[in-house]
Number of protein chains: 2
Amino acid sequence: MSLLGAIEAGGTKFVCGVGTADGTVVERVSFPTTTPEETMANVFSFFADKDIEAIGVGSFGPIDPVKGSPTYGCITTTPKPHWSNYNIVKALEERFGVPIGFDTDVNGAALGEYTWGAAQGLDSCLYITIGTGVGAGAVVSGELIHGLSHPEMGHIYVRRHPEDRYEGTCPYHADCLEGLAAGPSLGKRWGVPGAELTPDHPAWEMEAYYLAQALMNYVLILSPQRIVMGGGVMKQEHLFPMIRTKLQELLAGYVHHPSLRENIDQFIVPPQLGDNAGLCGAIALAKLALAEK
Amino acid sequence: MSLLGAIEAGGTKFVCGVGTADGTVVERVSFPTTTPEETMANVFSFFADKDIEAIGVGSFGPIDPVKGSPTYGCITTTPKPHWSNYNIVKALEERFGVPIGFDTDVNGAALGEYTWGAAQGLDSCLYITIGTGVGAGAVVSGELIHGLSHPEMGHIYVRRHPEDRYEGTCPYHADCLEGLAAGPSLGKRWGVPGAELTPDHPAWEMEAYYLAQALMNYVLILSPQRIVMGGGVMKQEHLFPMIRTKLQELLAGYVHHPSLRENIDQFIVPPQLGDNAGLCGAIALAKLALAEK
């Protein structure tokens, strides 16, 4: 049986897998991200004996996902040594001669949750991950968002919490959303890792304030039918009700929709694909590339 | 020759017109928005002797533009007397029996500029108007954004300027973007209408700061290929270079693209459709409705 190949290309590790067109992962391996040559040798070796019809890549970024652009397929200006301007799509096409789907890791995850996960059956959704960084991807009218390049929703500007004295971790913007709300900022602001803070610690009210602000802007700009929140920080399940309440407070009844009132528990939800989210997203990208062939 | 009908349904006045499929307006009339009965009688009368294949409506809001929804076609929760829950699409369909396109005024204008104006030939664009209020619409991969409902981008949350002591005009959010940057807030903050403030007045640095923040978030969330800025406040042409510079400062080189560096003069531009922008947008909506028939 023909299978779809999937690559979750992370800055720390690569996960490769094969799956079926219904999103089932049948095999997976993982190895550290070193140089492109060494890492891709492992990728080539994994897929060498697999009968794959297409490969999807959900990649760390920034990348150029715009077809027709001279640098399409590249990981572009990453500070990660050796990977800047590496064209991963070209490398895979030359090796395997099958259609290659290529997008950001978060756009991939959004497509995965949209196709088989928490947003299945809808026309639009937003996926946001809050972990070492903050990233988000979105599906609008069934399509992933591209334009000038790809979204970088984790770096939006937010209003500072009146009691927050922390300067922020983002090397570009200091106190953008990622700079104030990603996992590392929790640890640096409060002196202990977020996972060690009790649910009644004031850290969480502040965290919910920043994330609800981001969600407010995503709702007002994109109008997604569902928002899926994942990543390490969202393992703190008590954040979900706090974020829902803060979002309602911030919107102040402006957008009239049951999803923002009585149905908000089904509007802001955790991911459903668990540890296979990245791979499922890449399978969805492979499936898309095959359909567009 | 068959023509397309266009309605710019505003809260103060209705503009009706007919045009050709290349966006040329051949006739237009305008009348005040009173009750739905009286206003629609004028609409019906204008189109009665026209040979129209479809009608497009760019409407004041909020509206329900989601096909299949029970309230599709309605102007929903407007405070404007008599118009709340009025189904303008149904009224037009029953009267004329032709396909009706229906969207927000700003989504219509975005589609108009995308089809015949400042964003012609691209795949995506954002149109923002800064006047009595702030509103924006966007085209992504050739499609207008819909989801839960329609975007309400004028009400995003922004960081306050450190020297701004004005509380904001928005009845829902006080100091959201519209509350701080729409025309009326200029007049209330500085004591004279914006049009009377000289180009070197500090009002404009503050205004550019708020609008550049909004553009930063739009760029990071939607990645549009061009941003078209219109409305009364943008008649102050000196705002364009100020906003471009502020946007570059805020992004701090994070998004690497010529459109955000050396080509920024072609990235943030005024509208090209002038006084016919609303009607051209509605013609574009009519054309879309005809194509989807």
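See the structure printed just above.
Residue numbers here run from 1 along each chain, matching the order of that chain's written sequence. Chain A is the first chain written and ligand 1 is the first ligand written, with later ones labelled in order. Totals for whole chains, interfaces and linings use all residues, but because this is a predicted model, local features are given only for residues with pLDDT of at least 70 and pairs of side-chain atoms are given and counted only at 80 or more. Side-chain descriptors were evaluated using all non-hydrogen atoms of the structure, hydrogens and water having been removed beforehand.

Re the packing of helix 6 (residues 202-222) of chain B against helix 7 (residues 239-251) of chain B
Residue and element names in this part refer to chain B. To keep it simple, the criterion reads: Where helices are involved, their axes are fitted lines through C-alpha atoms of the stretch in contact, as for all axes, and angles between N-to-C directions lie from 0 to 180°. Helix and strand definitions follow DSSP, with helices as H or I runs of at least four residues and strands as E runs of at least two, each counted in order from the N terminus. Each angle is binned into one of four classes, with values under 35 degrees roughly parallel, values over 145 roughly antiparallel, values of 65 to 115 roughly perpendicular, and all other values oblique. In a left-handed crossing the near helix is turned counterclockwise from the far helix by less than a right angle, and in a right-handed crossing that turn is clockwise. Working rule for contacts: check all heavy atoms of both residues, and any pair within 4.5 Å makes them a contact. Just so you know the grouping, Ala, Val, Leu, Ile, Met, Phe, Trp, Tyr, Cys and Pro go in nonpolar, Asp, Glu, Lys and Arg go in charged, and all remaining residues, Gly too, go in polar.
The geometry of helix 6 relative to helix 7 is characterised by a closest axis approach of 8 Å and an angle of 55° between their N-to-C directions. When the axis of helix 6 is compared with that of helix 7, the two are oblique. Where helix 6 crosses over helix 7, the handedness of that crossing is right-handed. Touching W204, E205, E207, A208, Y209, L211, A212, Q213, L215, M216 and L220 of helix 6 are L239, M242, I243, K246, L247, L250 and L251, all from helix 7. Partitioning the contact of helix 6 with helix 7 into residue classes produces 14 nonpolar, one polar and three charged.

Concerning the pairing of strand 9 (residues 134-140) of chain A
Residue and element names in this part refer to chain A. Put simply, the rule reads: Think of it in three bands: residues with accessible area under 20% of the maximum for their type are buried, residues over 50% are exposed, and the middle band is partly exposed, with areas taken using a 1.4 Å probe on protein chains only. By the convention used here, strands pair only if DSSP detects at least 2 bridges between them.
In terms of residue burial, strand 9 counts as a mostly covered element, since seven of its seven residues are buried. Neither face of strand 9 is open: one carries V134, A136, A138 and V140, the other G135, G137 and V139, and all of them are buried. Note that strand 8 (residues 125-130) and strand 9 share six bridges and pair antiparallel. Among the inter-strand pairings, I128 is bridged to a residue of strand 9, identified as A136. Here strand 8 folds back onto strand 9, and the loop between the two strands holds three residues. Bridging between strand 9 and strand 10 (residues 143-144) involves two bridges; their strand directions are antiparallel. Bridging across to strand 10, V139 finds its partner in L144. What sits between the antiparallel neighbours strand 9 and strand 10 is a turn of two residues, in which S141 has the positive phi angle 50°.

Digging into the sheet that holds strand 11 (residues 227-230) of chain A
Residues and elements named next belong to chain A. Taken in spatial order, the five strands make up an open sheet running 10-9-8-11-12, and their pairing is mixed. One side of each edge strand has no neighbouring strand; the edge strands of this open sheet are strand 10 and strand 12 (268-269). Running at roughly 50° to strand 9, helix 3 (residues 105-116) makes contact with strand 8, strand 9, strand 10 and strand 11 of the sheet.

Points about the relation of the copies chain A and chain B
Note the following rule: Least squares is used to superpose the copies, and the fit set is the C-alpha atoms of residues whose pLDDT is at least 70 in both copies.
After a rotation of 180° and a shift along the axis of 0.0 Å, chain A superposes on chain B with an RMSD of 0.0 Å. Within this description, the copies of the chain are treated as partners about a two-fold rotation axis. Proximity to the rotation axis, assessed at the C-alpha, singles out R159 of chain A in chain A; its C-alpha lies 2.2 Å from the axis. A share of 100% of the interface residues of chain A reappears at the interface of chain B, consistent with the copies meeting face to face through the same patch.

Let's talk about the packing of helix 3 of chain A against helix 9 (residues 277-291) of chain A
All names here are of chain A. At a minimum axis separation of 7 Å, helix 3 and helix 9 run at an interaxial angle of 85°. Taken together, the axis directions place helix 3 and helix 9 in an arrangement best described as roughly perpendicular. Together, G108, A109, L111, G112, T115 and W116 of helix 3 and C280, G281, I283, A284, L285, K287 and L288 of helix 9 make up the contact between the two elements. Along the lines of polarity and charge, the residues of the contact of helix 3 with helix 9 split into eight nonpolar, four polar and one charged.

Some details on helix 5 (residues 183-190) of chain A
All names here are of chain A. Formally: Our arc is simply the arc of the directions from the helix axis toward the C-beta atoms.
Looking only at helix 5, the buried set comprises S185, L186 and R189. Buried residues of helix 5 fall within an arc of 105° about the axis and therefore sit on the same side. Of the surrounding elements, those touching the buried residues of helix 5 are helix 4 (177-181) and helix 6 (202-222).

Section: the packing of aromatic side chains
Residues and elements named next belong to chain A. The criterion, for reference: When the centres of two rings from Phe, Tyr and Trp lie within 6.5 Å, Trp using its six-membered ring, the rings pair. Their planes under 30 degrees apart give stacked, over 60 give edge-to-face, and anything left gives tilted. In this scheme, the term charge over a ring applies when either NZ of a lysine or CZ of an arginine sits within 6 Å of the ring centre and within 35 degrees of the ring normal.
For the coordinates displayed, the defined rule picks out 20 aromatic pairs over all chains. Ring geometry for F46 versus F47: centroids 5.0 Å apart, planes at 70°, classification edge-to-face. No difference in accessibility class separates F46 from F47, as the two residues are buried. Pairwise contacts between aromatic rings join F14, F31, F60, W83 and Y86 into one cluster. Here the basic side chain of K50 rests over the ring of F46, its NZ or CZ set 4.2 Å away from the ring centre.

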